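Residue-level listing of the chains:
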Amino acid sequence: MRRFDLVLPNSLEDCVKILAERGDRAKLLAGGTDLLPQMKNGVIKPSLVVDLSGVARVRQIHGGNGQGLRIGAAVTARELEVSPAVRGAYLAIAESAALVGSLQVRNLATVGGNLCNAAPSADMAPPLVTLEAEAVIAGPKGERRVPMAQFFSGVRETVLAPNEMLVELSVPSPGAHSGGQYLRHTPRRELDIAVVGVASQLTLENGRCVKARIALASVAPTPVRATAAERALEGQTVTPELIERAAGLAVDAAQPIDDQRGSIEFRRHLVRVLTRRTLVTARERASH
Ligand SMILES: Cc1cc2nc3c(=O)[nH]c(=O)nc-3n(C[C@H](O)[C@H](O)[C@H](O)COP(=O)(O)OP(=O)(O)OC[C@H]3O[C@@H](n4cnc5c(N)ncnc54)[C@H](O)[C@@H]3O)c2cc1C
């Protein structure tokens, strides 16, 4: 590994100042579970590593009681997995966090690291898309907000400039009678990444669907929303036949590739199956 300087700012302001001065050569370190292997393999060679562990603002979870949720970028997958505030109305986020790596990995891995690393298979992205979270981003000109669906710009690319950082995720309350789920398929049960991941979120009113959101992982360079499937569900009673039709429409939103972990055909099949399953569960959870 190449030599690098390490700084440990203890406020967001200091962090932003450091990035303004040396952002083009710097990398933020949260849990390090993506960053350190990439540095060891020589894929990236920052001359400065900025450790976020002393920045309180990015390590907290706020809200959750019908107020909306604010999740600091350096909150760990394990914290999300067990947080009562998250497990309440935002269960799909906790489910996605619980699937990351092993317990040891989850104790380090953060939601911000997962999103900013921007792997197409990132598990924590799809539920944040379906729950319409916004990324709160800090830079030299202050803070800006970007809807999660627009945060990713390509494989391992986001809208973040080198002098910007993700501060937190702002997740609006889904309201009453809303339910969601995240499921993924991996060839191995543990320590594997998603061949396909699907998050669905449904909001019901008098038995009809008033809002549907479906997001797919690992079937395109970035997470994608299955908007035609969402439109088919909205305004309708969510019957098994309609779920089947929506699952078919979700397949059309996927642009998967063939690789050693799954063929295009297999991935399209998984999108149909996982969309169907997550919609069935989302409908059940929304009905309570
Ligand atoms: C054994 C193993 C198993 C894994 N399994 C899974 C899995 O099942 N599912 C999955 O999705 N991932 C998995 N991962 C990948 C990884 O653990 C996750 O992506 C994790 O959430 C990354 O978080 P981190 O805090 O470790 O990020 P880091 O490695 O610290 O950072 C990742 C990237 O994000 C940048 N970054 C971090 N925080 C910020 C911020 N606040 N603002 C701007 N940039 C920032 C860093 O500079 C770096 O480029 C696995 C990794 C390992 C090693």
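Residues numbered from 1 in each chain as written. Predicted model: local features only at pLDDT ≥ 70, side-chain atom pairs only at ≥ 80, totals over all residues. Heavy atoms only, no water.

**Q** It is not clear to me how the layout of surface pockets should be interpreted in this structure. Could you clarify?
**A** One water molecule sets the probe size; rolling that probe over the atoms shows where empty space is left. For the second largest pocket, the calculated volume is near 280 Å³. In this structure, the second largest pocket is lined by 18 residues; those nearest its centre are Pro-120, Ser-218, Ile-257, Asp-259 and Arg-267. For the lining of the second largest pocket, the class distribution of residues is ten nonpolar, four polar and four charged. (1 Å grid on protein atoms, 1.4 Å probe; cavity = no way out; pocket = protein on both sides within 12 Å on 5 of 7 lines; lining within 4 Å. Points joined across faces, edges and corners; volume = space filled by probe spheres on them. Nonpolar A, V, L, I, M, F, W, Y, C, P; charged D, E, K, R; others polar.)

**Q** Quick question: what am I supposed to make of the packing of helix H10 (residues 240–253) against helix H11 (residues 264–287) here?
**A** A pair of packed helices is characterised by two quantities: the angle between their axes and the separation of those axes. Where H10 contacts H11, the axes come no closer than 8 Å and their chain directions differ by 140°. Considered as vectors, H10 and H11 are oriented oblique to each other. Both H10 and H11 take part in a crossing whose hand is right-handed. Where H10 approaches H11, its residues Pro-240, Ile-243, Glu-244, Ala-246, Ala-247, Gly-248, Ala-250, Val-251 and Asp-252 are matched on the opposing element by Arg-268, Val-271, Arg-272, Thr-275, Arg-276, Leu-279, Val-280 and Arg-283. Within the contact of H10 with H11, the residues separate by chemical class into nine nonpolar, two polar and six charged. (Axes fitted to C-alpha atoms, helices over the stretch in contact; angles between N-to-C directions. Helix = DSSP H or I, 4+ residues; strand = E, 2+ residues; numbered from the N terminus. Parallel < 35°, antiparallel > 145°, perpendicular 65-115°, else oblique. Left-handed = near helix turned anticlockwise from the far one by under 90°. Contact = heavy atoms within 4.5 Å.)

**Q** How should the site of the ligand be read in this particular structure?
**A** Looking at the ligand, there are 32 residues lining it, with Leu-28, Thr-33, Asp-34, Leu-35 and Thr-110 nearest. Interatomic distance of 2.9 Å between a side-chain N/O atom of Asn-114 and an oxygen atom of the ligand. Within the contact set of the ligand, an oxygen atom lies 3.4 Å away from a backbone nitrogen or oxygen of Asp-192. Secondary structure elements with two or more residues in the shell around the ligand: strand S2 (26–29), helix H7 (111–117) and strand S10 (165–171). With four residues, the top contributor of residues to the shell around the ligand is H7. Among the residues making up the shell around the ligand, the classes are represented as 18 nonpolar, nine polar and five charged. (Near = heavy atom within 4 Å. Polar contact = N/O pair within 3.5 Å; in protein donor to acceptor, adjacent residues only side chain to side chain.)

**Q** What is the right way to look at the sheet that holds strand S3 (residues 48–51) in this model?
**A** Two strands in a sheet stick together by hydrogen bonds in their backbones, pointing the same way (parallel) or opposite ways (antiparallel). On the basis of which strands lie adjacent, the open sheet formed by three strands has the order S1-S3-S2 and parallel pairing. Each edge of the sheet is formed by a strand with only one pairing partner; in this case those strands are strand S1 (5–7) and S2. Across the sheet, the mean angle separating the axes of adjacent strands is 25° when strand polarity is ignored. With four bridges connecting them, S2 and S3 associate as parallel partners. Residue pairing for S3: Ala-26 is matched across the bridge by Leu-48. (Pairing = 2+ DSSP bridges.)

**Q** Teacher, can you tell me more about the environment of Leu-115 here?
**A** Along the chain, Leu-115 turns up in helix H7. Here Leu-115 falls in the buried class, since its relative accessible area comes to 0%. Measuring from C-alpha to C-alpha, the distance between Leu-115 and Asp-259 comes to 23 Å, with 144 residues separating the pair along the chain. For Leu-115, the contacting residues outside a window of four places in its chain are Met-124, Ala-125, Leu-128, Met-148, Phe-151, Phe-152, Thr-158, Leu-166 and Leu-169. (Buried < 20%, exposed > 50% of the residue type's maximum accessible area, 1.4 Å probe, protein only.)

**Q** So what exactly am I meant to see when it comes to the sheet that holds strand S13 (residues 208–217) here?
**A** If you trace the four strands from one edge of the open sheet to the other, you get S11-S12-S13-S14, paired in antiparallel fashion. The open sheet has two edge strands with one neighbour each: strand S11 (178–185) and strand S14 (224–225). Where strand S12 (residues 196–205) lies against S13, nine bridges are found, and the strand directions are antiparallel. Within the sheet, the bridge partner assigned to Thr-203 lies in S13 and is Lys-211.

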